[in-house]
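Letter by letter, the chains look like this.
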Amino acid sequence: MKILNPEEYTFQQPENNFLEIRKTDGSVYKSVECIPLFPLSQPDVYINLVGINKSGLEDIGMIENLSSFSTIQQALVKKNINFRYFIPEITDIQKITVKQGIYHLDVVTNKGKKRFLLNSL
């Protein structure tokens, strides 16, 4: 897998809100998706990038450590990841019931009250 050199790549977010990457050789990748890899406990390392160029969908490469990019570039990558992976944090479990083997959970998250079902715990 290709490790991206921060001096060769620039992230941009035009009006359409899709992330773009421009390479110093003039290459442009549109509709870029930033995909965090393992370990998930370190979200700023090992981020895979996939985007569309003249040839179609392409694996652009991997950011080994996001801190090697400028603060503005880091913010664009993090915004893309946060949009892709909306993950509310559970702050309180109000009620758990089981009906026909399905767990019904009423919880409070940092995004408000939510109810969801689980097949098994």
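Everything that follows concerns the structure shown earlier in this document.
Computed from a prediction, not measured in an experiment: that's the story for all the values here.

Conventions and cut-offs
Residues numbered from 1 in each chain as written. Predicted model: local features only at pLDDT ≥ 70, side-chain atom pairs only at ≥ 80, totals over all residues. Heavy atoms only, no water. Helix = DSSP H or I, 4+ residues; strand = E, 2+ residues; numbered from the N terminus. Rg over C-alpha atoms; globule rule 2.2 N^0.38 Å. Buried < 20%, exposed > 50% of the residue type's maximum accessible area, 1.4 Å probe, protein only. Contact = heavy atoms within 4.5 Å. Areas by Shrake-Rupley, 256 points an atom, 1.4 Å probe, with all protein chains shown as cover. Pairing = 2+ DSSP bridges. Axes fitted to C-alpha atoms, helices over the stretch in contact; angles between N-to-C directions. Salt bridge = Lys/Arg side-chain N within 4 Å of Asp/Glu carboxyl O.

Draft legend 1. Structural detail: the overall build of the protein. Helix and strand content of the protein: 1 helix and 8 strands. Going from N to C terminus, the protein has its helices and strands arranged as β-β-β-β-β-α-β-β-β. Over its C-alpha trace the protein gives a radius of gyration of 19 Å, far above what one expects of a compact globule, namely 14 Å for 121 residues. For the protein, the spread of C-alpha atoms along the three principal axes comes to 60 × 30 × 30 Å. For the protein, the residues scored as buried account for 27% of the 121 residues in total. Long-range contacts, defined as pairs at least 24 residues apart, comprise 29% of the intrachain contacts of the protein with a sequence gap of at least 6. Entry remark: accessible area of the protein is about 8,300 Å², with carbon and sulfur atoms responsible for 53%.

Draft legend 2. Structural context of the pairing of strand β4 (residues 45-53). Across the 9 residues that make up β4, a large majority, 7, are buried. Inspection of the sheet shows strand β3 (residues 28-36) paired to β4 by 5 bridges, in the antiparallel sense. Counted as the bridge partner of isoleucine 35 is asparagine 48 from β4. The pairing of β4 with strand β5 (residues 56-65) spans 8 bridges and is antiparallel. The residue of β5 that forms the bridge with isoleucine 52 is leucine 57. Hairpin connection, β4 to β5: the antiparallel pair is bridged by 2 residues.

Draft legend 3. Inspection of the environment of isoleucine 96 at higher detail. By secondary structure assignment, the location of isoleucine 96 is in strand β6 (residues 90-99). A C-alpha to C-alpha distance of 9.7 Å links isoleucine 96 and leucine 117, two positions 21 residues apart in sequence. Filtering out sequence-adjacent residues up to four positions away, isoleucine 96 remains in contact with Tyr103, His104 and Leu105.

Draft legend 4. Summary view of the sheet that holds strand β8 (residues 112-118). Across the sheet, 3 strands lie side by side as β6-β7-β8; this open sheet has antiparallel pairing. Of all the strands in the sheet, just β6 and β8 have a single pairing partner and so form its edges. If you compare each strand with its neighbour and ignore which way they point, the axes differ by 20° on average. Both strand β7 (residues 102-109) and β8 contribute to a ladder of 7 bridges, which runs antiparallel. Across the sheet, residue aspartate 106 finds its bridge partner in β8, namely arginine 115.

Draft legend 5. Just the pattern of salt bridges, in detail. Counting across every chain of the model gives 6 salt bridges. In this structure, aspartate 44 engages lysine 78 in a salt bridge whose closest nitrogen and oxygen atoms are separated by 3.8 Å. Of this pair, aspartate 44 sits in the loop between β3 and β4 while lysine 78 sits in helix α1 (residues 71-84), and the two are 34 residues apart along the sequence. Under the relative-accessibility criterion, aspartate 44 is labelled partly exposed at 32%.

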